[in-house]
2 protein chains.
Amino acid sequence: MLKGHLDAIVLAALEAGPAHGYAIIETIKQRSAGTFDLPEGTVYPALHRLEQAGLLSSAWMTPPNGRRRRVYSLTKAGASALGERRKAWGRFSQAVDTALGGGRA
Amino acid sequence: MLKGHLDAIVLAALEAGPAHGYAIIETIKQRSAGTFDLPEGTVYPALHRLEQAGLLSSAWMTPPNGRRRRVYSLTKAGASALGERRKAWGRFSQAVDTALGGGRA
DNA sequence: GCCGCATACCTAGTTATGCTAGGTATGGAA
DNA sequence: TTCCATACCTAGCATAACTAGGTATGCGGC
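Residues numbered from 1 in each chain as written. Chains lettered and ligands numbered in written order. Predicted model: local features only at pLDDT ≥ 70, side-chain atom pairs only at ≥ 80, totals over all residues. Heavy atoms only, no water.

Draft legend 1. The arrangement of the overall build of chain A in detail. Of regular secondary structure, chain A possesses 4 helices and 3 strands. Starting at the N terminus and walking to the C terminus, you meet the elements of chain A as α-β-α-α-β-β-α. In chain A, which comprises 105 residues, the share counted as buried stands at 38%. Sequence-distant contacts in chain A: of pairs separated by 6 or more residues, those separated by 24 or more amount to 45%. Accessible surface computed for chain A: about 5,900 Å², of which carbon and sulfur atoms make up 51%. Separation of charge centres in chain A, based on 14 positive and 8 negative side chains, amounts to 2 Å. (Helix = DSSP H or I, 4+ residues; strand = E, 2+ residues; numbered from the N terminus. Buried < 20%, exposed > 50% of the residue type's maximum accessible area, 1.4 Å probe, protein only. Contact = heavy atoms within 4.5 Å. Areas by Shrake-Rupley, 256 points an atom, 1.4 Å probe, with all protein chains shown as cover. Lys, Arg positive; Asp, Glu negative; His and termini not counted. Charge placed at Lys NZ, Arg CZ, Asp CG, Glu CD.)

Draft legend 2. Examining the protein's contact with DNA strand D more closely. In the vicinity of DNA strand D there are 22 residues, among which B:Tyr22, B:Glu40, B:Arg67, B:Arg69 and B:Arg70 approach most closely. Sugar plus phosphate: this is where 56% of the atoms of DNA strand D within 4 Å of the protein reside. B:Tyr22 is positioned such that a nitrogen or oxygen atom in its backbone is 2.8 Å from a phosphate oxygen of DNA strand D. Secondary structure elements with two or more residues in the surface near DNA strand D: helix H3 (40–52) of chain A together with helix H2 (21–31), helix H3 (40–52) and strand E3 (69–74) of chain B. Ranked by the residues each element gives to the surface near DNA strand D, the list is headed by H3(B), at 5 residues. Partitioned by chemical class, the residues of the surface near DNA strand D number 6 nonpolar, 9 polar and 7 charged. (Near = heavy atom within 4 Å. Polar contact = N/O pair within 3.5 Å; in protein donor to acceptor, adjacent residues only side chain to side chain. Nonpolar A, V, L, I, M, F, W, Y, C, P; charged D, E, K, R; others polar.)

Draft legend 3. View of the sheet that holds strand E3 (residues 69–74) of chain A. All names here are of chain A. Here 3 strands make up an open sheet; going across it, the order is E1-E3-E2 and the pairing antiparallel. Strands with a single pairing partner mark the edges of an open sheet, and in this sheet they are strand E1 (19–20) and strand E2 (56–61). Alignment of E1 against E3, held across 2 bridges, turns out to be antiparallel. From the neighbouring strand, Ala19 faces E3, where its bridge partner is Tyr72. Where H3 meets the sheet, its contacts fall on E2 and E3, and the angle it forms with E2 comes to roughly 120°. (Pairing = 2+ DSSP bridges. Axes fitted to C-alpha atoms, helices over the stretch in contact; angles between N-to-C directions.)

Draft legend 4. Highlighting H3(B). Residues and elements named next belong to chain B. If you check H3, its first and last C-alpha atoms are 18 Å apart, about what 13 residues at 1.5 Å a residue would give, namely 18 Å. When we look at burial in H3, the residues that qualify are Val43, Ala46, Leu47 and Leu50. All buried residues of H3 lie within an arc of 105° about the axis, which places them on one face of the element. Exposed and facing more than 90 degrees away from the buried side of H3 are Gly41 and Gln52. Turning to H3, the residues buried within the fold contact helix H1 (6–13), H2, strand E2 (56–61) and E3. After H3 finishes, the residue Gly54 shows a positive phi value of roughly 85°. (Expected span 1.5 Å × (residues − 1). Arc of directions from axis to C-beta.)

Draft legend 5. Structural view of the sheet that holds E2(B). With antiparallel pairing, the 3 strands of this open sheet are ordered in space as E1-E3-E2 (chain B). Sheet topology places strand E1 (19–20) and E2 of chain B at the edges, where each strand pairs with a single neighbour.

Draft legend 6. How the structure looks around the relation of the copies chain A and chain B. Superposing chain A onto chain B takes a rotation of 180° combined with a translation of 0.0 Å along the rotation axis, leaving an RMSD of 0.0 Å. Within this description, the copies of the chain are treated as partners about a two-fold rotation axis. When C-alpha positions in chain A are compared against the rotation axis, the closest is assigned to A:Lys3, at 2.2 Å. Looking at chain A, 100% of its interface residues are interface residues in chain B too, so the copies touch through the same face. (Least-squares fit on C-alpha atoms with pLDDT ≥ 70 in both.)

Draft legend 7. Fine view of the protein's contact with DNA strand C. The local shell around DNA strand C holds 22 residues, among which A:Glu40, A:Arg67, A:Arg69, A:Arg70 and B:Thr42 are the closest. One of the side-chain N or O atoms of A:Glu40 is found 2.5 Å from a base nitrogen in DNA strand C. Within the side chain of A:His48, an N or O atom sits 3.2 Å from a phosphate oxygen of DNA strand C. Going through the elements one at a time, helix H2 (21–31), H3 and E3 of chain A together with H3 of chain B are the ones with two or more residues in the surface near DNA strand C. Among the elements that make up the surface near DNA strand C, the one with the highest residue count is H3(A) (5 residues).

Pasting the structure below:
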C-alpha cells in the first residue's frame, strides 16, 4: 500500500519526460529498487484521476511498427503539484520520524 | 491522512509506558509538533483494532478523585510489532525518497 | 501457420482505513 | 447551575489501492 503518496510518485516518474502507462510502472519499479511493483489496476486509475485533475495530459501514439500507446505528459499544473507533493512528503515523513523515534531518541 | 502508519505511531506513543486514549492523542500531537492532531474517531477505533490484534491490552482505572479511564499498555507482541513497523517505515520512506528524488538527484 | 507470451490498455467490485458527526457522561470552575 | 474540558464510544461516509477479471496485438518459436 502506498497510502496516498502514489500520485506524487507517478508525477515524479513523468518529470523526466512523457511516457506511457506500462513504462511508468517499470520506471517506478526500477527507481524504488523493486519495492513498488505496482499492479496495473493501481496505476491506470491513478493516471486517469490525475488527468481528470488536470495534472497530466495524454495522447494516443502509434509508433511505426508498434502498438497503440497512451502517452502521458506533465502539465504545468502537474509540475507545480509535484513540487507541493514533494514538500508535503518531506513534512509528513519528518513528522512520522519524530513520532516513531520519540521512544528511542 | 496517516495512510496506514497510524498504528505504528500509536504503538510508539505507548512505548514509554501505559496511557489512556485522550493522553495518547495529546502525546502524538506534541511529539509531531502539532502535525498529527488526530480526532478521537480516528484513535479510539485504532486502539480497539490494536487490542483485538493482541498488540495492546487495556484495563479500566479510576483514580481517587478522577474519572474512569481506559488505560492501554503495549503487549510483548505489540512491542515486537512496533519494531517491525519502524523497520517497515524506514524501508517505505526510503523508497519514496528515492522515487521522488529521482527526477532531481 | 499458429500458439503462447509479453506488451498494453481498461474496469467493476472488494477491502481497508481514516474521518465526520453524532452521542453519553462526569469533574471542576465560574 | 451552567458550561467547559475531559473521557469514552459508534455508525456511516469517503477514498484509495488492490484483486480479478476482460480485450487486443506484435513477435518469437515450433
